[in-house]
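Each chain, written out:
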Amino acid sequence: MAREPLKVLTESMFYVLLSLLRQERCGTEIVQYVDDATAGRVPLGPGTLYTILAKFQEEGLIRETAVEGRKRTYAITDRGRALFRQELSRLRLCVGDGEREERAAENLLPGGREEDPS
Amino acid sequence: MIKLMPGYVEDVAAWQARLEDLAAKGWFYVPSWILFRFASFERGRPKTVRYRLEPAAKKEGCPDWERRETYRALGWEYVDTIGKTMHLWRCDDPEAPELHTDPETEARAYDRFSRQERISRYLSWGILALFAGLLAFALYVSGGTYFAYLVGSWQPLWYLAAGVSFFGTSFFMARWQTRVLRRTLRTMRAGVEAPRRRPYRLACGLALVMDLLWVFYVIALGYNGVHSSRRTFRPISYYLTYYDESVPYVEVSQDGEVVASPQENWLTSEQWWTIEDYTEGRRYYRYSEALYYRLRFPSLADDLADSLLAQYGDDYAVTETEYPGLDGVWTGAAVDGDQYMLLRLGDQVWSVEADTDAPLADLLPQYAAAMAEARQG
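Residues numbered from 1 in each chain as written. Chains lettered and ligands numbered in written order. Predicted model: local features only at pLDDT ≥ 70, side-chain atom pairs only at ≥ 80, totals over all residues. Heavy atoms only, no water.

Going by the annotation in an unreviewed UniProt entry, the name recorded for chain B is DUF2812 domain-containing protein, with Oscillibacter valericigenes given as the source organism.

Where an unreviewed UniProt entry is consulted, chain A appears under the name Helix-turn-helix transcriptional regulator, with the organism given as Oscillibacter valericigenes.

In structure tokens, the structure reads:
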């Protein structure tokens with residue numbers, strides 16, 4: 001199987017990129033940030049974290065900035081920011097589509113007929 | 001304590017289940033240099049722990065310290081890297097998060113495996129095609145003599161069974177466990193969490209069978225080497241005295257000693273090589289060399305006769321004759337006067353070369369009688 005470049009981010013990937021938007025972080029800090037930001041809704045296992053970090057580095061979305069003892073710090077790259085923005089737009093579109101459909105569904109009369117606007 | 005594991009480590013769920021069940025019984029995995037499909041365990045207090053296998057990155061001997069620290073902070077301890085392909089992690093804290101919490105990402109960790117698996121698959125088919133090509137080439141070059149070589153080589157049924165069963169089981173196991181891995185990856189790629197546990201008893205049983213077959217095959221190979229280099233010919237009276245077995249032969253010269261050696265081959269129920277020779281001072285003379293075959297499948301007797309004729313026919317200018325009581329007789333003589341005769345009766349084929357001036361056809365009554373006797377016996 002050929003290596004596929006990332007086009008759509010999973011929820012875990014999205015939050016890992018998000019965690020690096022404002023500052024550089026190491027592995028445990030990323031996990032802690034995601035846990036706080038999502039109030040524990042998105043668990044981030046260490047295996048998942050390191051697979052994501054390896055994939056992001058391979059794709060040039062993040063880079064290693066420092067290695068201090070047993071601590072390695074990562075920072076987001078311009079390419080990473082671009083992908084993040086692209087993902088954010090995609091999610092906005094998804095949310096917009098969802099909300100529009102939901103409103104339309106709420107306006108439906110029982111039996112599936114639409115309400116008369118007059 | 002050495003314990004059997006369920007086949008290849010790529011069968012992740014089966015391995016994890018086996019390790020966790022052993023831990024619950026108080027046996028904990030320890031790294032060791034154990035070969036085959038065994039692993040080493042040490043005794044401890046029975047405990048519910050989680051074991052997880054994770055694909056190692058390319059050329060990654062073991063996870064670096066930074067990574068181990070992060071895993072440790074999240075409740076996971078590095079245990080070992082198995083077969084340079086999988087890292088084994090252990091978690092004693094039931095509250096700790098799973099090692100992998102995102103199935104799609106987890107599937108990406110197996111990307112290297114998938115690539116390797118595809119390469120191995122193409123490589124296997126390539127090797128198989130190469131072997132098929134070589135076999136076809138050998139058959140073409142041999143000009144029909146290959147079957148005679150196959151029947152005449154030392155290849156008893158158990159030797160064939162050793163090879164076929166070992167390679168067959170290995171192939172089956174590899175296919176089976178690759179399918180399991182592929183199914184798991186499909187599940188994960190669809191965003192669904194793959195099962196962390198899988199029944200492993202059958203895989204363990206097959207792994208044991210595979211190891212035993214491997215040992216059996218290696219012994220068979222060794223025995224083949226020794227046997228092929230030490231072929232023993234003994235006087236024919238020896239076989240009658242010690243094994244109560246009569247050797248089919250006809251004396252060509254009446255002058256020398258007849259020695260025989262049985263040959264084992266899965267295609268023949270009986271096969272004897274007989275040599276009639278003598279020494280005069282320091283000189284060694286060989287009067288005759290006969291190969292007697294009794295085929296397990298009578299329909300192959302014709303093919304063997306054809307193959308032997310392809311082997312000897314040109315040197316001896318062989319022609320077909322007839323003799324009552326025999327299904328086929330071919331005789332011929334070489335330029336230097338050496339004689340050749342091939343006889344066939346039912347499932348028996350007899351190929352005789354002789355360094356004699358007297359035509360071998362003169363001895364046809366004796367050969368026919370010996371073959372008729374063997375047929376009745």
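Observations regarding the packing of helix α4 (residues 111-142) of chain B against helix α6 (residues 157-189) of chain B
Axis angle and axis distance: for two packed helices, these are the angle between their axes and the distance between the axes, and together they describe the pair. All names here are of chain B. Running from N to C, α4 and α6 point in directions that differ by 140°, and their axes come no closer than 12 Å. Looking at the two axes, α4 sits oblique to α6. α6 is crossed by α4, and the crossing has left-handed handedness. Between α4 and α6, the residues in contact are D111, F113, S114, E117 and R121 and T178, L181, R182, L185 and R189, respectively. Among the residues forming the contact of α4 with α6, the class breakdown is three nonpolar, two polar and five charged. (Axes fitted to C-alpha atoms, helices over the stretch in contact; angles between N-to-C directions. Helix = DSSP H or I, 4+ residues; strand = E, 2+ residues; numbered from the N terminus. Parallel < 35°, antiparallel > 145°, perpendicular 65-115°, else oblique. Left-handed = near helix turned anticlockwise from the far one by under 90°. Contact = heavy atoms within 4.5 Å. Nonpolar A, V, L, I, M, F, W, Y, C, P; charged D, E, K, R; others polar.)

Here's the deal with the pattern of salt bridges
All names here are of chain B. Tallying each qualifying case throughout the model produces 29 salt bridges over all chains. In this structure, the salt-bridge partner of R197 is D21, at a minimum N-O distance of 2.9 Å. Of the two residues, R197 is situated in the loop between α6 and α7 (201-229) and D21 in helix α1 (residues 12-24); the sequence distance between them amounts to 176 residues. When its relative accessible area of 39% is taken as the criterion, R197 is described as partly exposed. Looking at D21, the relative accessible area reads 23%, which means it is partly exposed. Taking the shortest distance from any N to any O, the salt bridge between R67 and E60 comes out at 3.0 Å. Judged by its relative accessible area of 18%, E60 is buried. (Salt bridge = Lys/Arg side-chain N within 4 Å of Asp/Glu carboxyl O. Buried < 20%, exposed > 50% of the residue type's maximum accessible area, 1.4 Å probe, protein only.)

Regarding the state of the cysteines
Tallied over the entire structure, the rule returns zero disulfides over all chains. Cysteine B:C91 is unpaired, with the sulfur of A:C26 as its nearest cysteine sulfur at 20 Å. (Disulfide = S-S within 2.5 Å.)

Some thoughts on empty space enclosed by the protein
All names here are of chain B. Tallied over the full model, the rule gives one cavity of 30 Å³ or more. Space inside the largest cavity adds up to approximately 70 Å³. Lining the largest cavity are Y249, V250, E251, V258, T274, I275, E276, S288, A290, W350 and Y367. Contributions of two or more residues to the lining of the largest cavity are made by β9 (268-280) and β10 (283-295). Ranked by residues supplied to the lining of the largest cavity, first place goes to β9 with three residues. (1 Å grid on protein atoms, 1.4 Å probe; cavity = no way out; pocket = protein on both sides within 12 Å on 5 of 7 lines; lining within 4 Å. Points joined across faces, edges and corners; volume = space filled by probe spheres on them.)

Regarding the pairing of strand β2 (residues 62-68) of chain A
Residue and element names in this part refer to chain A. Direction of pairing for β2 relative to strand β3 (residues 71-76): antiparallel, over a ladder of six bridges. Looking across to β3, one finds that E64 is bridged to Y74. Counted along the chain from β2 to the antiparallel partner β3, the turn is two residues long, and its residue G69 has a positive phi close to 60°. (Pairing = 2+ DSSP bridges.)

Observations regarding a nonpolar patch on the surface
On the surface, B:L35, B:F36, B:W214, B:V215, B:V218 and B:I219 cluster together to form a nonpolar patch covering roughly 560 Å² of accessible area. Following the sequence through the fold, B:V215 ends up in helix α7. (Patch = residues over 30% accessible without salt bridge, like charges linked within 9 Å, V, L, I, M, F, W, Y side chains within 5 Å. Areas by Shrake-Rupley, 256 points an atom, 1.4 Å probe, with all protein chains shown as cover.)

Quick word on a positive patch on the surface
A grouping of B:R175, B:R179, B:R183 and B:R186 is seen on the molecular surface, where their side chains present a positively charged patch. Structurally, the position occupied by B:R179 is in helix α6. (Lys, Arg positive; Asp, Glu negative; His and termini not counted. Charge placed at Lys NZ, Arg CZ, Asp CG, Glu CD.)

What about the sheet that holds strand β12 (residues 328-333) of chain B?
Residue and element names in this part refer to chain B. Here we have eight strands laid out as an open sheet, ordered β7-β8-β9-β10-β14-β13-β12-β11, and antiparallel in their pairing. Where the open sheet ends on each side, the last strands, each with one partner, are β7 (234-235) and β11 (319-321). Pairing of β11 with β12, which is carried by three bridges, proceeds in the antiparallel orientation. Bridging across to β12, T319 finds its partner in T331. Across the sheet, helix α10 (residues 364-376) lies against β10, β12, β13 (339-345) and β14 (348-354), angled at about 30° from β13, the strand it touches most.

With respect to the nonpolar core
Counting residues in hydrophobic clusters, the biggest one holds 33 residues, and the most contacted among them are A:L9, A:V16, A:I30, A:L49, A:L53 and A:F56. Of all the elements in the fold, those that place two or more residues in this core are α1 (11-19), α2 (27-37), α3 (46-59), β3 and α4 (78-106) of chain A together with β6 (86-91) of chain B. (Core = buried A, V, L, I, M, F, W, Y, C linked by side-chain atoms within 4.5 Å.)

Section: the sheet that holds β6(B)
Residues and elements named next belong to chain B. Taking strand neighbours across the sheet as the criterion, the three strands line up as β4-β6-β5 in an open arrangement whose pairing is antiparallel. Strands at the two margins of the open sheet, each flanked by one partner only, are β4 (50-55) and β5 (77-82). Strand-to-strand, the axes of this sheet are offset by a mean angle of 25°, without reference to chain direction.

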